[in-house]
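The chain contents come next:
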Amino acid sequence: MGELRNAGIISMASAVPDKVLTNADLEKIVDTSDEWIRNMTGVRERRIASEGEGCSDYAVKAARKALDKAGLEPKDIDLIIVGTFTGDQQLPSTACLVQNALGCVGTPAFDIAAACSGFVYALSVANSFIRLGTYNRILVIGADILTAVTNWTDRGTCVLFGDGAGAAVVGPVEPGYGLLAFDLGADGTGVDALRIPAGGSKMPITHENLDEHANKIVMQGREVFKFAVKVQSEAIDRVLRQVDMTPEDIDMVVPHAANIRIIDSAVNRFGLPRDKFFTNLEKYGNTSAASIPLGLDEAVELGLVKKDDTVVVVGFGGGLTWAASLMKWAY
Ligand code: UT7
C-alpha cells in the first residue's frame, strides 16, 4: 500500500427553505410560549419546507453551491454520501436522487442512517476513501426535513425541529491538514429514546397508527439530553487526545445544534470562551444531519473558521449515536 493521503473539506455550502416558522407561530399550534422555547432550547425560529419539497431538493441546492465554490462540475465527483433519516422516499436512497438531479450517472451514491450524527459519520467514510486513494472528490451531504416527521400535537418535540441541508466536498489536502481525528460511537441501549415507530418493516403504516402519529418522531427528551451532555464532552476529549492537543488548541467548535443548554454544558466543561462555540441554532432549530454543515458553512462565510484553524465538530442523536471530528482547516 502506498502512503496514506490527508483528506479534508475543500468547500462547504448549505441551503435552507425560505419559509420561517417563529416561536410566536408555534404558540398558535400548541400550548407553549416564546419564553419557554427560548429559555429551554435557545431556538427563536426555524425554516420549514413547503408541501411537495423533499430532502433531496435542499441536498441538491447545497451540493451545487459546494461544487461551484470548489470550481468543480458534478462529473468530477467520485462518490456521493448523504446522511439523513428523512429521505424523500424509503426507496431509492436520497443519494441516488441527488446523483440523478446533478446528472452524474455512474457515480456511486448511498445514504448513511446515523440520525443527527449522519454528516460526521459520512465524513469519516469519505476520509477513509480519500486517504486510501480510492476516490479523489467526494460529496458529503447532511440533509433532513424534520418537519415532515414532526408530531405537531406534541409540544415536547415540535418546537425543536427545522429543515435544511449542508454539503461539503472532501478531497486530498496538504499533509497536516484536513480530517485529523474521528470519534464515532453508538449506544443501542438507547434505541427507544428517539425514534419513528411506524413506517418501517416492523410496524408498517396503518390507518390506526397514523391516527396515533406513530409515523412521527417520538422522543424521551430528558434521556437524550443527558446522553448528549455526556457524549458531546467525551467525544471532544477523545479527538483531542488522538492528536495530543488540549482544549486551548481549539479555534472553533461547531456542535450539533439541538439545545443551547447542551452546548453550554460543553462550554462550561472545557472552560473555553463562549465565542469558541459556533451555533446558528436560534435561526434554524435542530435540523439533524444538516445542523453541523449549516453551522460550519456559516462560520466559514463569516470568516470565523479559516485556513490553519483547529476545528472540532461534534454531533449526537437517534440510535443513540455520536460522532466527532477534529480538523485543521485546509482553505
Ligand atoms: O438531535 C438530538 C435530538 N434531541 C435533543 O437533543 C433533545 C434533547 N432534549 C431536550 O432538549 C430537552 O429535553 C427538551 C427541550 C426537549 C425538554 O426540556 P426538559 O428540561 O427535558 O423538560 P421536560 O421534558 O422535563 O419538561 C419540563 C416541563 C414539563 O411540564 P411539567 O410536567 O413540569 O408541568 C413539560 O410538559 O416543560 C413542559 N414542556 C413545555 N412547556 C411549554 C415541554 N415542552 C414544552 C413546551 N412549552 N414546548
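Colleague: Even after reading the chapter, I still don't get the nonpolar core, so can you show me in this structure?
Modeller: Proteins that are soluble and globular tend to have nonpolar side chains buried together. Counting residues in each nonpolar core, the largest one holds 44 residues, and the members touching the most others are Ile236, Val253, Phe277, Val312 and Phe316. Contributions of two or more residues to this core are made by helix H8 (221–242), helix H9 (260–270), strand E12 (310–317) and strand E13 (321–328). With 8 residues, H8 is the largest single contributor of residues to this core. Shared between two domains, this core takes at least three residues from each, and those domains are domain 1 (6–176) and domain 2 (180–328).

Colleague: For this particular structure, what's the right way to read the sheet that holds E13?
Modeller: By definition, the strands of a sheet pair up through backbone hydrogen bonds, in either a parallel or an antiparallel sense. Strand order in the open sheet formed by 4 strands is E8-E13-E12-E11, with mixed pairing between adjacent strands. Each edge of the sheet is formed by a strand with only one pairing partner; in this case those strands are strand E8 (178–186) and strand E11 (252–255). Averaged over all neighbouring strand pairs, the angle between strand axes comes to 10 degrees, with direction disregarded. Here E11 runs beside E12; their pairing, made up of 4 bridges, is parallel. Its bridge partner being in E12, Pro255 is matched across the sheet by Val314.

Colleague: How should the pairing of E13 be read in this particular structure?
Modeller: Successive residues of a regular strand alternate their side chains across the two faces of the sheet. In terms of burial, E13 is largely enclosed, as 7 of its 8 residues are buried. In this sheet, E13 lies alongside E8 in antiparallel orientation, the contact comprising 8 bridges. Residue pairing in the sheet places Phe182 in a bridge with Ser325 of E13. Adjacent in sequence and paired antiparallel, E12 and E13 are bridged by 3 residues, among which Gly319 carries a positive phi angle near 145 degrees.

Colleague: Is there a simple way to think about the sheet that holds strand E4 (residues 79–83) in this case?
Modeller: A sheet is described by the order of its strands in space; here 5 strands give the open sequence E1-E7-E6-E4-E5, paired in mixed fashion. Strands with a single pairing partner mark the edges of an open sheet, and in this sheet they are strand E1 (6–15) and strand E5 (109–112). The sheet shows a mean angle of 20 degrees between the axes of neighbouring strands, direction not considered. Here strand E6 (residues 138–145) runs beside strand E7 (residues 163–173); their pairing, made up of 8 bridges, is antiparallel. Paired with Val140 across the bridge in E7 is Ala168. Along the sheet face, helix H4 (residues 94–102) touches E4, E5 and E6 and points at about 130 degrees away from the line of E4. Where helix H11 (residues 291–301) meets the sheet, its contacts fall on E1, E6 and E7, and the angle it forms with E1 comes to roughly 90 degrees.

Colleague: Sorry, what's going on with the pattern of salt bridges here?
Modeller: In total, this model carries 15 salt bridges according to the counting rule given. A salt bridge links Lys69 to Asp297; the shortest N-O distance between them is 3.1 Å. Taken together, the residues span a long stretch of sequence, with Lys69 in helix H3 (residues 55–70) and Asp297 in helix H11 at a distance of 228 residues. Here Lys230 and Glu234 are joined by a salt bridge, their closest N and O atoms 3.4 Å apart.

Colleague: Looking at this structure, I do not really get unusual backbone geometry. What am I missing?
Modeller: Negative phi is the rule for most residues except glycine; trans is the rule for most peptide bonds. Put simply, Leu91 and Pro92 share a cis peptide bond, and its omega is 0 degrees. In this fold, Pro92 is placed in the loop between E4 and H4. In the segment running from Gly319 into Leu320, the intervening peptide bond is cis, with an omega of -10 degrees. The topology assignment puts Leu320 in the loop between E12 and E13. With a phi close to 50 degrees, Ala115 is a non-glycine residue in the positive phi region. Residue Ala115 is classed as buried on the basis of its relative accessible area, which comes to 12%. Backbone geometry at Asp308 places phi at a positive 80 degrees, although glycine is not the residue there. As for its placement among the helices and strands, Asp308 is situated in the loop between H11 and E12.

Scoring rules and cut-offs
- Residues numbered from 1 in each chain as written.
- Predicted model: local features only at pLDDT ≥ 70, side-chain atom pairs only at ≥ 80, totals over all residues.
- Heavy atoms only, no water.
- Core = buried A, V, L, I, M, F, W, Y, C linked by side-chain atoms within 4.5 Å.
- Buried < 20%, exposed > 50% of the residue type's maximum accessible area, 1.4 Å probe, protein only.
- Helix = DSSP H or I, 4+ residues; strand = E, 2+ residues; numbered from the N terminus.
- Domains from an automatic or database assignment.
- Pairing = 2+ DSSP bridges.
- Axes fitted to C-alpha atoms, helices over the stretch in contact; angles between N-to-C directions.
- Contact = heavy atoms within 4.5 Å.
- Salt bridge = Lys/Arg side-chain N within 4 Å of Asp/Glu carboxyl O.

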